[in-house]
Amino acid sequence: MPTPRVALATCSVLPDLDPDDAPLVEALAERGVEATAAVWDDPDVDWTSFNLVVVRSTWDYSARQDEFISWARSVPRLANDAEVIAWNTDKYYLKTMGEMGVPIVRTLWLDPDRHLTSQAIHTRLPAHGDYVIKPTVSAGARDTARYQENTAQARGEAILHARELLRSGRHVMVQPYLNQVDVAGETALIFVDGEFSHAVRKSAMLSRGHRPTQGLYQEEVMRTVEATEAELALADRALEAARTVLGGAADQMLFARVDMLPGDDGEPILLELELTEPSLFFAKSPGALDRFADALVARVSAQG
Ligand SMILES: Nc1ncnc2c1ncn2[C@@H]1O[C@H](COP(=O)(O)OP(=O)(O)O)[C@@H](O)[C@H]1O
Ligand SMILES: [Mg+2]
């Protein structure tokens, strides 16, 4: 049998992968699989030539989601599945999950087709407490900002931010800033082939006065933690809801990352279910890289 080939899909800014994913190439080589980094929008890549294409650091698609989904649908053996990606790249999926009973952050959804005036945006922004404005299609905290309650300047900046996103045709989310994150941080639970693999925690990313990031992604400082019962239970509910919505497309989910923040009562709330291109923080947790590499090899072998 010829050496199986796996593509690790990335973006043109990171042609050699993110430093956390780079060791995958060697881990796969040790297992007899040739892994190559490939840029998702590079027209010269023959995606059909791989036994498996794994989406990794494709973090530049947020302003061209349609192009990204078309690409995903055109790749024959993609993990995760293109239909999972089509659903998961727009945070409206959170609305569905909230309606299914999964605790999500209270969210106001602004539709660009409503052509809201500044005054109309103003009346919709929360009257009390800090809040967050972000586009529904986003990665790496890009175009995401926190605004301080009740200062005229912050209000003006928030309206401008929302208006600019809406003007460029993007849907916008407005959420209360969950203050507990400043103390407890944000937790991510990582699943490989549906099995819990490891958990990491990062500190709050949106300090007061934080401005929307222009760069590709915002640097995150992570450490490994043990997931609590409540966090594991929330992750299970979120994944179960995703399986219900996605049906067959979810059966083959290679990876999932469930991001959660503590609510005011300390109970975890779903911030994001990352099924598209999450950092998986292999370096933070012993055995995590091996588990992922083994899962890839099992998939490639199953294809015969
Ligand atoms: N409602 C919120 N309260 C507190 N922090 C938030 C909130 N929403 C987003 N953040 C912070 O902003 C970061 C990016 O937001 P997120 O919803 O995860 O979008 P992205 O897809 O860009 O990662 C999060 O990791 C979190 O630290
Ligand atoms: Mg996130």
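Residues numbered from 1 in each chain as written. Chains lettered and ligands numbered in written order. Predicted model: local features only at pLDDT ≥ 70, side-chain atom pairs only at ≥ 80, totals over all residues. Heavy atoms only, no water.

## What about the environment of Val54?
As for its placement among the helices and strands, Val54 is situated in strand S3 (residues 52-55). Given a relative accessible area of 0%, Val54 falls into the buried group. Separated by 242 residues in the primary sequence, Val54 and Leu296 have C-alpha atoms spaced 8.7 Å apart. Residues within four places of Val54 in sequence aside, it is in contact with Val6, Ala7, Leu8, Ala9, Ala79, Leu254, Phe255, Phe292 and Leu296. (Helix = DSSP H or I, 4+ residues; strand = E, 2+ residues; numbered from the N terminus. Buried < 20%, exposed > 50% of the residue type's maximum accessible area, 1.4 Å probe, protein only. Contact = heavy atoms within 4.5 Å.)

## Let's talk about the environment of Thr3
Along the chain, Thr3 turns up in the segment before strand S1 (5-10). For Thr3, a relative accessible area of 48% translates into the label partly exposed. Between the C-alpha atom of Thr3 and that of Gly185, which follows or precedes it by 182 residues, the distance is 43 Å. Look past the residues within four positions of Thr3 in its chain and what remains in contact with it is Gly32, Val33 and Glu34.

## Quick word on the site of ligand 1
What surrounds ligand 1 is a group of 20 residues, the closest being Lys91, Lys134, Ala141, Glu186 and Glu272. One nitrogen or oxygen atom from the side chain of Lys134 is found 2.6 Å from an oxygen atom belonging to ligand 1. Compared with its free state, where it exposes 530 Å², ligand 1 has 97% of that area covered by protein. Residue assignment for the shell around ligand 1 shows that the elements contributing at least two residues are strand S6 (131-135), strand S8 (172-176) and strand S13 (268-274). Within the shell around ligand 1, the residues separate by chemical class into 12 nonpolar, three polar and five charged. (Near = heavy atom within 4 Å. Polar contact = N/O pair within 3.5 Å; in protein donor to acceptor, adjacent residues only side chain to side chain. Areas by Shrake-Rupley, 256 points an atom, 1.4 Å probe, with all protein chains shown as cover. Nonpolar A, V, L, I, M, F, W, Y, C, P; charged D, E, K, R; others polar.)

## Considering the domain arrangement of the protein
According to the domain assignment, the protein consists of domain 1 (5-83 + 296-302), domain 2 (93-103 + 179-283) and domain 3 (108-176). One C-alpha centre belongs to domain 2, the other to domain 3; they are set 22 Å apart. (Domains from an automatic or database assignment.)

## As for the sheet that holds S8
Pairing in this open sheet of four strands is antiparallel, and the strands run S5-S8-S6-S7 from one edge to the other. Of all the strands in the sheet, the pair left with one neighbour each is strand S5 (108-110) and strand S7 (145-147). For this sheet, the mean inter-axis angle between neighbouring strands, taken without regard to orientation, is 25 degrees. Where S6 lies against S8, five bridges are found, and the strand directions are antiparallel. (Pairing = 2+ DSSP bridges. Axes fitted to C-alpha atoms, helices over the stretch in contact; angles between N-to-C directions.)

## What to know about the side chain of Gln65
With respect to the helices and strands, Gln65 occurs in helix H2 (residues 65-74). Residue classification places Gln65 among the buried residues on the basis of a relative accessible area of 16%. The contact partners of Gln65, leaving out residues within four places of it in the chain, are Ala86, Thr89, Asp90 and Val137.

## A closer look at the pairing of strand S10 (residues 195-202)
Most of S10 is tucked away: six of the eight residues are buried. Of the pairings in the sheet, the one linking strand S9 (residues 186-192) to S10 comprises seven bridges and is antiparallel in character. Pairing of Thr187 across the sheet is with Arg201, part of S10. Two elements, S10 and strand S11 (residues 222-225), share four bridges in a ladder whose sense is antiparallel. The residue bridging Val200 from the neighbouring strand is Thr224, located in S11.

## Brief notes about the pairing of strand S2 (residues 34-39)
Looking at chain direction, S1 and S2 are connected through six bridges and run parallel. Bridging across to S2, Thr10 finds its partner in Val39. Between S1 and its parallel partner S2, the chain crosses via helix H1 (residues 23-29), and the hand of that crossover is right-handed. (Right-handed = clockwise from strand over helix to strand, strands pointing away.)

## Some words on the pattern of salt bridges
A side chain of one charge can pair with a side chain of the opposite charge when the charged atoms of the two come close. The final tally for this structure, using the stated rule, is 17 salt bridges. Linking Asp60 and Arg64 is a salt bridge whose minimum nitrogen-to-oxygen distance equals 3.4 Å. For Asp60, a relative accessible area of 13% gives the class buried. Look at Arg64 and you get partly exposed, because its relative accessible area is 27%. Each of Asp41, Asp60, Arg64 and Glu67 takes part in a single network of salt bridges with overlapping partners. (Salt bridge = Lys/Arg side-chain N within 4 Å of Asp/Glu carboxyl O.)

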